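Here is what each chain is made of, one letter per residue.
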Amino acid sequence: MIARLAGRLHSAAADSCVVDVGGVGYRAQCSARTLGALPPVGEVVELVIETRVQDDQIRLYGFRGEAERQCFNLVQTVQGVGAKLALGLLAALTPEELAQAIAAGDKAMLTRAPGVGQKMATRLAMELKDRLGDLAPPIQARESVAGAAAADAVSALVHLGYRRPEALGAVNKAARVLGQTADAAALI
């Protein structure tokens, strides 16, 4: 299986790019966010790859990092979510934003992705809420609320018995309402 491509960017289209690796061009389907971050044609590029082998074809999906690849795979565990919708989610939300939206049950944020309506957003939030632990530690550890107060509030809620994704979601919601200067007690 191909796990990484490093070479020169040969071309980029609306939904994919071609990476020239030693004279062989590999087409990788990518999210619009990943395609937008690519260097100019002819420059060196490196992509994390998810390889999918089907009956009559091999498809490569390219990502800027491992976190994107993990999110791509995780959201596809939900019934009705295929590669196209998963790439759409990653075009609309970073892996961190996606994890926060799921943890907080923020359906409005999830519906930013093309093809994700209220029903799908609800399904994503419900089915993946308990599975956020499957994501890489860098995604779990990042919090949209900066500062020690937020970290303390999340830690306190976890010690009170809440799961970390629930605690993070609650603190993020409270911080949006109360503001970034709220202390830990107010956030809790």
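Higher on the page you've got the structure.
Conventions used here
- All residue numbers refer to positions counted from 1 along the written sequence of the respective chain.
- Residue-level local features of this predicted model are given only where pLDDT is at least 70; pairs of side-chain atoms are given and counted only at 80 or more, and the full residue set underlies all totals for whole chains, interfaces and linings.
- Water and hydrogen atoms play no part in the side-chain values, which are based on all heavy atoms of the structure.
- In this description a helix means any DSSP run of H or I spanning at least four residues, a strand means any run of E spanning at least two, and both kinds are numbered starting from the N terminus.
- A simple rule labels every residue: compare its accessible area, found with a 1.4 Å probe on the protein chains alone, to the largest value its type can have, and call it buried under 20%, exposed over 50%, or partly exposed in between.
- The protein chains shown are the only cover counted for residues, whose accessible areas, like all others here, come from Shrake-Rupley with a 1.4 Å probe.
- The convention is simple: Lys and Arg are positive, Asp and Glu are negative, and His and the chain ends are not counted.
- Every charge is mapped to an atom, namely NZ of Lys, CZ of Arg, CG of Asp or CD of Glu.
- Axis angles are defined between N-to-C directions and span 0 to 180 degrees, where every axis is a line fitted to C-alpha atoms and, for a helix, only to the segment in contact.
- Should an angle lie under 35 degrees it is considered roughly parallel, over 145 roughly antiparallel, and from 65 to 115 roughly perpendicular; all remaining angles are considered oblique.
- What makes a crossing left-handed is the near helix being turned counterclockwise from the far one by less than a right angle; a clockwise turn instead makes it right-handed.
- By definition in these notes, contact holds between two residues if any of their heavy atoms fall within 4.5 Å.
- Buried Ala, Val, Leu, Ile, Met, Phe, Trp, Tyr and Cys residues form a nonpolar core when they are joined through side-chain atoms within 4.5 Å.
- Strand pairing requires that DSSP identify at least two bridges connecting the strands.
- Stacked, edge-to-face and tilted are the three classes for Phe, Tyr and Trp ring pairs, Trp counted by its six-membered ring, which pair at centre distances within 6.5 Å; planes under 30 degrees apart are stacked, over 60 edge-to-face, the rest tilted.
- The disulfide definition used here is simple: a pair of cysteine sulfur atoms within 2.5 Å.

Regarding the overall build of the protein
Stage number 1. Counting secondary structure elements, the protein contains 10 helices and five strands.
Stage number 2. For the C-alpha atoms alone, the extent of the protein along its principal axes is close to 60 × 35 × 25 Å.
Stage number 3. Expressed as a percentage of the 188 residues in the protein, the buried residues total 43%.
Stage number 4. Of the accessible surface of the protein, which amounts to about 9,700 Å², a share of 53% is contributed by carbon and sulfur atoms.
Stage number 5. Side chains of the protein carry 20 positive and 19 negative charges; the gap between the two charge centres is 4 Å.

Some points on the packing of helix α2 (residues 66–75) against helix α3 (residues 83–92)
Stage number 1. At a closest axis distance of 9 Å, the pairing of α2 and α3 adopts a crossing angle of 135°. Considering the angle they form, α2 stands oblique to α3. Note that α2 runs across α3; the crossing there is right-handed. Contacts from Glu 68, Cys 71, Phe 72 and Val 75 in α2 reach Ala 83, Ala 86, Leu 87, Leu 89 and Leu 90 in α3.

Considerations on the nonpolar core
Stage number 1. Counting 31 residues, the largest nonpolar core has Phe 72, Val 75, Val 81, Leu 98, Leu 110, Val 116 and Leu 124 as the members making the most contacts within it.
Stage number 2. Looking at this core, the elements that each hand over two or more residues are β5 (58–63), α2, α3, α4 (95–104), α5 (107–110) and α6 (118–128).
Stage number 3. Ranked by the residues each element gives to this core, the list is headed by α3, at seven residues.
Stage number 4. Leave out the neighbours within four places in its chain, and Leu 98 touches Cys 71, Val 75, Leu 89, Leu 93 and Leu 110.
Stage number 5. Counting 12 residues, the second largest nonpolar core, distinct from the first, contains Val 19, Ala 28, Leu 47 and Leu 60.

Remarks on the environment of Met 120
Stage number 1. Within the secondary structure, Met 120 sits in helix α6.
Stage number 2. Not counting residues up to four positions away in its chain, the partners in contact with Met 120 are Gln 79, Gly 80, Val 81 and Leu 85.

What to know about the pairing of strand β2 (residues 16–21)
Stage number 1. Pairing between strand β1 (residues 4–12) and β2: four bridges, direction antiparallel. Bridge pairing links Ala 12 to Cys 17 in β2.
Stage number 2. The turn joining β1 and β2, which pair antiparallel and follow one another in sequence, is formed by three residues.
Stage number 3. What sits between β2 and strand β3 (residues 24–29) in their antiparallel hairpin is a turn of two residues, with Gly 22 showing a positive phi close to 60°.

Description of the packing of aromatic side chains
Stage number 1. This model, assessed by the stated rule, comprises two aromatic pairs.
Stage number 2. Between Tyr 61 and Phe 72, the aromatic rings sit 5.0 Å apart at their centres with planes inclined by 40°, giving tilted as the arrangement. Of this pair, Tyr 61 sits in strand β5 while Phe 72 sits in helix α2, placing them 11 residues apart in sequence. In this structure, Tyr 61 and Phe 72 share a single accessibility class: buried.
Stage number 3. An aromatic cluster of at least three residues, connected via ring pairs, comprises Tyr 61, Phe 63 and Phe 72.

Let's talk about the state of the cysteines
Stage number 1. Tallying each qualifying case throughout the model produces zero disulfides.
Stage number 2. Free of any disulfide, Cys 17 has its nearest cysteine sulfur in Cys 30, 3.9 Å distant.
Stage number 3. Just so you know, Cys 71 is unpaired, no disulfide at all, and the nearest cysteine sulfur is the one on Cys 30, 15 Å from it.
Stage number 4. Take Cys 71: its relative accessible area is 2%, and that puts it in the buried class.

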